[in-house]
Amino acid sequence: MTIRTILTEPNKILRQKSKTVDLVGSEEKKLMDDMLETMYNAKGIGLAAIQVGVPKRIIVMDISKEENKKKPLYFVNPIIKNKNNEFSTYEEGCLSVPDQFAEIDRPSSCVIEYLDYYGQKKILNAEGLLATCIQHEMDHLEGILFIDYLSKLKKSMIIKKLSKQKKIDRIVV
Ligand code: ZN
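Residues numbered from 1 in each chain as written. Predicted model: local features only at pLDDT ≥ 70, side-chain atom pairs only at ≥ 80, totals over all residues. Heavy atoms only, no water.

(A) Region of interest: the overall build of the chain. Check the secondary structure of the chain and you find three helices and seven strands. Taken from N to C terminus, the helices and strands of the chain fall in the order α-β-β-β-β-β-β-β-α-α. Over its C-alpha trace the chain gives a radius of gyration of 16 Å, about what one expects of a compact globule, namely 16 Å for 173 residues. Referenced to the eigenvectors of the C-alpha coordinate spread, the extents of the chain come out at roughly 45 × 40 × 35 Å. Burial statistics for the chain: of 173 residues in total, 45% are counted as buried. Contacts in the chain between residues far apart in sequence, at least 24 positions, make up 64% of those at least 6 positions apart. Of the charged side chains in the chain, 28 are positive and 24 negative, and the gap between their average positions amounts to 6 Å. (Helix = DSSP H or I, 4+ residues; strand = E, 2+ residues; numbered from the N terminus. Rg over C-alpha atoms; globule rule 2.2 N^0.38 Å. Buried < 20%, exposed > 50% of the residue type's maximum accessible area, 1.4 Å probe, protein only. Contact = heavy atoms within 4.5 Å. Lys, Arg positive; Asp, Glu negative; His and termini not counted. Charge placed at Lys NZ, Arg CZ, Asp CG, Glu CD.)

Structure representation (structure tokens):
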């Protein structure tokens, strides 16, 4: 498994719409293995393929809190079949928007149809953190980041901050 570089905002690649996966083959499995390793390394609970620069509709997640009880989840071509009219609020962050957090409202539960690691069709009834996390990750497949839900002013402040951080990083390198 290889730890890949996570792209951070501002970056045009993150705004790309990811493409449907035709077949879950060895290349996709290798990508999912790498994504999981990359996500654990970065201490995240979800990662979409586009965040490592691959425009495929693939997501990995692990919302289990205990370090020694890992429960990786793999979603290929996820589709929301149904979502609750009620909303819940979480303070969200994102590995592609480092050190920035904001409260975001999303449907509190949803039904997801997807292919698993082995290419098998699955249905998942997601609630709570799982529902929020999968919706956050599915936004990545459309080129959407959580900061897009904020006011223009708040969003531009965050992007400005991130751009500055990037410049500092470039000098250090
Ligand atoms: Zn994210």
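(B) Looking closely at the coordination of the zinc ion. Here the zinc ion is held by Cys94 (SG), His136 (NE2) and His140 (NE2), and the distances to it run 2.1 to 2.3 Å. Motif for the zinc ion, donor spacing along one chain: C-x41-H-x3-H. On the criterion of sequence distance, the pair formed by Cys94 in strand S4 (residues 87–94) and His136 in helix H2 (residues 128–141) is long-range, its members being 42 residues apart. Each member of the pair Cys94 and His136 is classed as buried. (Donors = N, O, S within 2.8 Å, 3.2 Å for Na, K, Ca; no water.)

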